[in-house]
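# Report on the structure
Each chain is listed here by its residues.
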Amino acid sequence: MSIEKSSHSGEHRELGGSAGLPERFENPGLEPHRHRLADSDPKRAKRSERQIALIFTISILASIAGVVGYAVFPVDIDRASVLNVRWSTLVVGLGLGIGMLGIGVAAVQWARALMDDGEKIEDRHPMSAGPAAHQQSLEILRQGADEANIARRPVLKGAIAGALALAPLPFLVPLIGNLGADWDISKFKRTAWAPREDGSGDPERFFEGTYRYLARDPQDTKIRAADVTNGNIVHVIPHGLPEEEHYLEEKAKAVVLLVRVDPSILKEAPERADWSYDGIVAYSKICTHVGCPVALYEQQTHHVLCPCHQSTFDITDAAKVVFGPAKRALPQLPIKVDPEGYLYAAADFDEPVGPSYWQRER
Ligand code: FES
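Below is a summary of the structure that appears in this document. (Residues numbered from 1 in each chain as written. Predicted model: local features only at pLDDT ≥ 70, side-chain atom pairs only at ≥ 80, totals over all residues. Heavy atoms only, no water.)

On to the pattern of salt bridges. Taken as a whole and assessed by the stated rule, the structure comprises 12 salt bridges. Its salt-bridge partner being Arg205, residue Asp202 comes within 3.7 Å of it at the nearest N-O pair. Assessed through its relative accessible area of 32%, Arg205 is described here as partly exposed. Ionic pairing is found between Asp274 and Lys336, a salt bridge with its closest N-O pair at 3.8 Å. One end of the pair, Asp274, is in the loop between β7 (256-260) and β8 (280-284); the other, Lys336, is in strand β13 (residues 335-337), with 62 residues separating them in the sequence. Relative accessible area serves as the criterion here: at 31%, Lys336 is assigned to the partly exposed category. (Salt bridge = Lys/Arg side-chain N within 4 Å of Asp/Glu carboxyl O. Buried < 20%, exposed > 50% of the residue type's maximum accessible area, 1.4 Å probe, protein only. Helix = DSSP H or I, 4+ residues; strand = E, 2+ residues; numbered from the N terminus.)

Spelled out as structure tokens, the structure:
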């Protein structure tokens, strides 16, 4: 190994000397520095400054629009509609995204067009953290601020401060707004599957006006037991759920997984013996860990898996937890078949659906 001094920059390079490696190479050095128009033309610099201020302004407006959108399209549980949720998600997402993107684009443009772009050569030296080094660091920071021309560009200074201050708002305002939300868990004790006590339900949607039919999600078509084949999983909602107030809440609580297995492998407690129909079982689709939709079915093991943290439930054994952080089995929906072969819910879930970390009364 030999040491060679570069002819261009004066740097020293180690050269390979063994077989197969190049004997020597030239250090290409630095490309000649190209001055930008904004460096010498104050008008161009001013134009760049206005462009950057405009991008920061767009960021500010987007952040404000995100907050306003959150207020205009309420998504709280009592007033939410599907349209509100869509608009709120769109506006808050765009506000947050454009707010953050605007800061990034403006910062890059500022660096490209206005900051000092001269090449610097910095010699390496032993690391030390004494007072002198500390002083030097402060000096470098001060110099950086000078080179960024912050002090001489009050418009940009105000614009960046405004954009940085407002960009987190579309994230923080919904967060703070939800702190006072109604977390009444009694709502989880009753779902749309609960039979109508007065038997006044629409016969198309209710068996004998009382029991809600099972339907495919999202087609909302009733399900014949004969159509549920062995090994398949069917995603189910209550048939004919009216799209009115609380629709989303009711639908979210009532989603179900329907699976058919060989009846001989079902381990059913005596009190649950009539909750299944010919090997067809129905369980809440809401994971009892923190509420993700349990949706993956392993035909060989008859396990359903939650994709969020891999909680695994055994369909053949009352959907008990066999793996993962969930601490409670999936609630079961007792099902029966009407004279025409359609499946309906004979009762509500056996216990509240959803995460089990909430306090519950059985
Ligand atoms: S939400 Fe299902 S495992 Fe965490």
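Here the narrative resumes, following the displayed structure.
This brings us to the pairing of β8. The buried fraction of β8 amounts to 5 of the 5 residues, a majority that puts the element mostly inside the structure. Both faces of β8 are covered, namely the face carrying Ile280, Ala282 and Ser284 and the face carrying Val281 and Tyr283. Note: β7 against β8, 5 bridges, orientation antiparallel. Counterpart to Leu258 in the pairing with β8 is Ala282. (Pairing = 2+ DSSP bridges.)

Next up on the list: the state of the cysteines. In total, this model carries 1 disulfide according to the counting rule given. A disulfide bridge connects Cys292 with Cys308, and the sulfur atoms are separated by 2.0 Å. Every disulfide takes its handedness from the sign of the S-S torsion; for Cys292 and Cys308 that torsion is -90 degrees, giving left-handed. Taken together, the residues Cys292 in the loop between β8 and β9 (296-298) and Cys308 in the loop between β10 (303-305) and β11 (312-314) connect sequence positions 16 residues apart. Taking relative accessible area as the criterion, Cys292 reaches 16% and is therefore assigned buried. For Cys308, a relative accessible area of 34% corresponds to the partly exposed category. (Disulfide = S-S within 2.5 Å.)

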